[in-house]
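# Descriptive structure summary
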Amino acid sequence: MKIRKWLLGILGGCLLTACSAEKQGFEIEALKYCDGQVRRTLAELEEIGSGVIDYSYMPRNIKDSLTYWHCRTATKEEWCSGFWPGILWYDYEFTGDEHIKEEAERFTASLEFLSHTPAFDHDLGFLVFCSYGNGYRLTHDPAYKQVILDAADSLATLFRPAVGTILSWPRNVAMFGGHNTIMDNMINLEMLMWASKNGGRSSLADIAISHADKTMKYQFRDDYTSYHVAVYDTLTGEFLRGVTHQGYADSSMWARGQAWAIYGYTMMYRETKDTRYLDFVQKVADVYLERLPEDYVPYWDFDAPGIPNAPRDASAAAITASALLELSTFVPGEKGAGYKEAAVKMLESLSSEQYQSRESKPSFLLHSTGHWPDGSEIDASIIYADYYYIEALMRLKRLNEG
Ligand code: GLY
C-alpha cells in the first residue's frame with residue numbers, strides 16, 4: 001500500500017514536471033516563430049527596395065485587410081521607428097545570428113540623427129531606447145552609449161520645472177489648453193534613469209522621479225484607473241483636468257494607457273527601489289487584471305462601446321505581460337507568482353492562432369488598436385505590439401531559465 005502510494009506520488013510528480021516543462025517551453029516555440037517572421041519581413045523589405053533595403057524605412061502596421069507591411073520613413077515625428085530595430089536586437093539575442101545583428105545595426109544607425117535634433121516630443125525615449133538602448137545592452141558599443149546620453153539630454157529639454165513633468169506633446173498645448181503629460185510618457189523615463197547612471201547628469205534622474213511622482217498624484221482616479229492625458233496650468237503647474245486622446249472617454253480606462261502605467265511604474269521601482277512605486281503599481285495592475293476578458297487580451301478600452309464585439313488591443317496585452325513578468329520578480333509570495341501566472345496566460349493567448357499572424361502576414365501579432373477615436377490602426381498588426389511581445393517572451397525565457 002505504502003509502495004503504491006509512493007509510486008503514484010512519483011508518477012504524479014513526473015506528470016507535473018512534464019506538464020510544466022511543456023508549458024514553460026511555449027515561449028521558445030513562440031520565439032522561433034518570431035524569428036521566422038523577422039526573416040520574412042527582411043525579405044519583404046528587400047523586395048520593396050528592389051533588392052536593396054532602405055534602412056530608414058521602418059515597418060509600422062498591417063491593416064486587417066492587407067498582407068504586407070505599411071512602412072514609414074524614420075523622421076523625428078514618426079514615433080514608432082525604434083521598435084523594428086529593437087525587435088531585431090531581441091531576435092539577435094535569441095538566435096545569436098550575426099546576420100540579424102548586422103541588420104539591427106543598420107536599422108539602428110538610421111536613428112542616430114535624433115541624438116542631435118531638438119526633441120520633437122516625449123517619444124524620443126521610445127525611438128532611441130528601444131533601438132540604441134537594446135543595441136548597447138547587447139554590444140556595449142561606446143558610440144551607442146553616446147547617442148543615448150545625447151538623446152536623454154535632448155528629452156530633458158521638454159521638462160518644465162514649473163509643472164514638474166515633461167511636456168509630452170509641445171504641438172498640442174493649445175489643443176489641450178495647457179501643458180500636457182500623457183501616460184505613454186512614463187516609458188520614456190527609463191532612458192533618463194539609465195543615462196543618469198551611465199555617465200549622464202544626475203538631474204536626469206531627478207526629472208524622471210519628479211515626472212513619475214506628479215503623474216502618480218494627478219493622473220489616476222481614486223480606483224487607480226488612469227487618464228490618458230493630464231493637463232496642467234503652464235505657469236503655475238496646477239492640475240487642470242484629466243482627459244483622453246486615444247481612449248473612449250475622459251472617464252474610461254484606455255487599455256494601452258493603463259498598460260503603459262503598469263510598465264512605467266514597475267520600471268521606476270526597478271530603477272529607484274522606492275517602495276511607493278511598488279505599492280502603487282500593484283494597485284494599477286490589479287484594477288487592470290480584475291476587468292480582463294477570459295482570454296486576458298483587453299478590449300481596446302475597458303469601457304469601449306460594443307463589448308464583447310469591440311476590437312481588442314493585443315499591444316496592451318503584450319506591454320502588460322512584459323511588465324508583469326518583471327513585477328513578479330519584485331513582489332514576494334503568492335501575489336508575485338500570480339503576476340507571473342497572469343503574464344503567462346496573456347502570452348499563451350497571444351501565441352494562439354487567434355492572435356498570431358502566422359502565414360497570413362509577416363507581423364507577429366494581429367488585433368491591436370492604435371487610435372480608435374481617430375479611426376486609425378483598428379484591429380491591425382502594429383509594430384509596437386510585436387516589440388513588446390518578443391520582449392515579454394525573452395523575459396519569460398530568462399525567468400524560466402532561472
Ligand atoms: N501614443 C502612443 C500610443 O499609442 O500608445
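Our subject is the structure that appears above.
In this text the structure is predicted, and so the values were computed from the model without any measurement.

Once that is clear, we can look at the site of the ligand. Near the ligand you find Trp79, Asp184, Gln246, Trp254, Arg256, Trp260 and Tyr384, and these make up its full shell. Contact between the ligand and Arg256: an oxygen atom at 2.7 Å from a side-chain N or O atom of the residue. For the ligand, the accessible surface in isolation is 200 Å², of which the surrounding protein chains cover 95%. Partitioned by chemical class, the residues of the shell around the ligand number four nonpolar, one polar and two charged.

Here the focus is the environment of Gly86. Tracing the sequence through the fold places Gly86 in helix H2 (residues 83–95). You can call Gly86 buried: its relative accessible area is 0%. Leaving out residues up to four positions away in the same chain, Gly86 has contacts with Cys130, Ser131, Asn134 and Tyr387.

With antiparallel pairing, the three strands of this open sheet are ordered in space as E2-E1-E8. The open sheet terminates on both sides in strands that have one partner only, identified here as strand E2 (70–73) and strand E8 (381–382). Sheet topology places strand E1 (residues 57–62) next to E2; four bridges connect them, and they run antiparallel. Residue pairing in the sheet places Pro59 in a bridge with Cys71 of E2.

Let's shift gears to the sheet that holds strand E7 (residues 239–243). The strand order across the open sheet built from three strands is E5-E6-E7, with neighbouring strands paired in antiparallel fashion. Lying at the two open borders of the sheet, with one neighbouring strand each, are strand E5 (179–182) and E7. For this sheet, the mean angle separating the axes of adjacent strands, direction not counted, is 20°. As paired elements, E5 and strand E6 (residues 229–232) share four bridges and run antiparallel to each other. Pairing of Thr181 across the sheet is with Ala230, part of E6. Across the face of the sheet, helix H8 (residues 203–218) comes into contact with E5, E6 and E7 while running at roughly 100° to E6.

When the terminal C-alpha atoms of helix H11 (residues 314–328) are compared, their 21 Å separation across 15 residues agrees well with the 21 Å that a helix rising 1.5 Å per residue should span. Counting buried positions along H11 gives 15 out of 15 residues, so the element sits mostly inside the fold.

Tallying each qualifying case throughout the model produces 26 salt bridges. In this structure, Arg60 engages Glu78 in a salt bridge whose closest nitrogen and oxygen atoms are separated by 3.1 Å. Linking Arg60 in strand E1 with Glu78 in the loop between E2 and H2, this pair joins segments that are 18 residues apart in sequence. Classification of Glu78 by relative accessible area gives buried; the value is 8%. Its salt-bridge partner being Lys101, residue Glu105 comes within 3.9 Å of it at the nearest N-O pair. Of this pair, Glu105 and Lys101 are both found in helix H3 (residues 98–109), four residues apart, which corresponds to roughly one turn of the helix.

What counts, and at which threshold
Residues numbered from 1 in each chain as written. Predicted model: local features only at pLDDT ≥ 70, side-chain atom pairs only at ≥ 80, totals over all residues. Heavy atoms only, no water. Near = heavy atom within 4 Å. Polar contact = N/O pair within 3.5 Å; in protein donor to acceptor, adjacent residues only side chain to side chain. Areas by Shrake-Rupley, 256 points an atom, 1.4 Å probe, with all protein chains shown as cover. Nonpolar A, V, L, I, M, F, W, Y, C, P; charged D, E, K, R; others polar. Helix = DSSP H or I, 4+ residues; strand = E, 2+ residues; numbered from the N terminus. Buried < 20%, exposed > 50% of the residue type's maximum accessible area, 1.4 Å probe, protein only. Contact = heavy atoms within 4.5 Å. Pairing = 2+ DSSP bridges. Axes fitted to C-alpha atoms, helices over the stretch in contact; angles between N-to-C directions. Expected span 1.5 Å × (residues − 1). Salt bridge = Lys/Arg side-chain N within 4 Å of Asp/Glu carboxyl O.

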